[in-house]
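Here is how the chains run, residue by residue.
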Amino acid sequence: MGIAIRKAGKVIATLAGATAEELADHIRNGYPQYAEDLPSLSAEEYPDDALPPVDPPPPLSPAELSVIEAKEQLDLAAKKMFLVAFNHENRIRTLESKPTITREQFKAALVNL
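A brief look at the structure comes next. These numbers were taken from a predicted model, which means no experiment stands behind them.

1. Details of the environment of V111
For step 1, the next point in the chain: One can find V111 in helix α3 (residues 103-111).
For step 2, the next point in the chain: The exposure class assigned to V111 is exposed, which follows from its relative accessible area of 67%.
For step 3, the next point in the chain: In this structure the C-alpha to C-alpha distance between V111 and M81, which are 30 residues apart in sequence, comes to 15 Å.

2. Quick word on the side chain of N90
For step 1, the next point in the chain: Position of N90 among the secondary structure elements: in helix α2 (residues 62-95).
For step 2, the next point in the chain: Only 2.8 Å separates the side chain of N90 from the backbone nitrogen of I101, close enough to count as a polar contact.
For step 3, the next point in the chain: Not counting the four nearest positions on each side in its chain, N90 is found in contact with T100 and I101.

3. Considerations on the packing of aromatic side chains
How two aromatic rings sit relative to each other is set out by the distance from centre to centre and by the angle between their planes.
For step 1, the next point in the chain: Evaluated as defined, the whole model comprises 3 aromatic pairs.
For step 2, the next point in the chain: Summarising the aromatic geometry, the rings of F82 and F86 are spaced 6.3 Å apart at their centres and angled 0 degrees between planes, so their arrangement reads as stacked. Note that F82 and F86 are positioned in helix α2 at a spacing of 4 residues, about one turn of the helix.
For step 3, the next point in the chain: Looking at F86, the relative accessible area reads 9%, which means it is buried.
For step 4, the next point in the chain: A centroid spacing of 5.4 Å and a plane angle of 55 degrees characterise the contact between F82 and F106, whose relative ring orientation is tilted. Taken together, the positions of F82 in helix α2 and F106 in helix α3 put the pair 24 residues apart, joining distant regions of the chain.
For step 5, the next point in the chain: Through a chain of ring-to-ring contacts, three or more aromatic side chains come together here, namely F82, F86 and F106.

4. Quick word on the pattern of salt bridges
For step 1, the next point in the chain: Under the definition given, this model contains 3 salt bridges.
For step 2, the next point in the chain: Where R93 meets E89, a salt bridge forms, and the shortest distance between an N and an O atom there is 3.7 Å. Highlighted residues: R93 and E89, both in helix α2, separated by 4 residues, approximately one helical turn.
For step 3, the next point in the chain: Classification of E89 by relative accessible area gives partly exposed; the value is 27%.

5. Observations concerning helix α1 (residues 20-30)
For step 1, the next point in the chain: Those residues of α1 not exposed but buried are L23, A24 and I27. One side of α1 holds all its buried residues, which, seen down the axis, span an arc of 105 degrees.
For step 2, the next point in the chain: Residues of α1 that are buried sit in contact with β1 (2-7) and β2 (10-16).

6. Topic: the sheet that holds β1
For step 1, the next point in the chain: Within the open sheet, the 3 strands sit side by side as β2-β1-β3. Their pairing is antiparallel. This sheet does not close on itself; its edge strands, each paired only once, are β2 and β3 (42-46). For this sheet, the mean angle separating the axes of adjacent strands, direction not counted, is 25 degrees.
For step 2, the next point in the chain: Across 5 bridges, β1 lies against β3 in antiparallel orientation. For I3, the partnering residue across the bridge sits in β3 and is E45.
For step 3, the next point in the chain: Strands in contact with α1 are β1 and β2; relative to β2, the strand with the most contacts, it is inclined by about 120 degrees.

Definitions and limits used
Residues numbered from 1 in each chain as written. Predicted model: local features only at pLDDT ≥ 70, side-chain atom pairs only at ≥ 80, totals over all residues. Heavy atoms only, no water. Helix = DSSP H or I, 4+ residues; strand = E, 2+ residues; numbered from the N terminus. Buried < 20%, exposed > 50% of the residue type's maximum accessible area, 1.4 Å probe, protein only. Polar contact = N/O pair within 3.5 Å; in protein donor to acceptor, adjacent residues only side chain to side chain. Contact = heavy atoms within 4.5 Å. Phe/Tyr/Trp six-rings, centres within 6.5 Å; stacked < 30°, edge-to-face > 60°. Salt bridge = Lys/Arg side-chain N within 4 Å of Asp/Glu carboxyl O. Arc of directions from axis to C-beta. Pairing = 2+ DSSP bridges. Axes fitted to C-alpha atoms, helices over the stretch in contact; angles between N-to-C directions.

Coordinates in, geometry out; function isn't part of it.
Structure below.
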């Protein structure tokens, strides 16, 4: 048997051979926009070969898209800052006649700050 989860009459997720809890985990991980609605969703069992098709999730709003774009820009900036600081550290170490360090060593040192 499989399970289909519906919200307002639309099938938002299906999973063949799954329990309701496994499907809830699938929604939390794959469709976070529905996670807060889990208590109000309905689950129906179907034979695995007769599961209804999944309706596409709703499109993201312009505000949600701008948040995603801002996060991507921050991630890119953080990577660039890491590389600049890493190169700077190795230049200083070279001037001090110390051996250079690897990216992994530098990353570990930052985590332990």
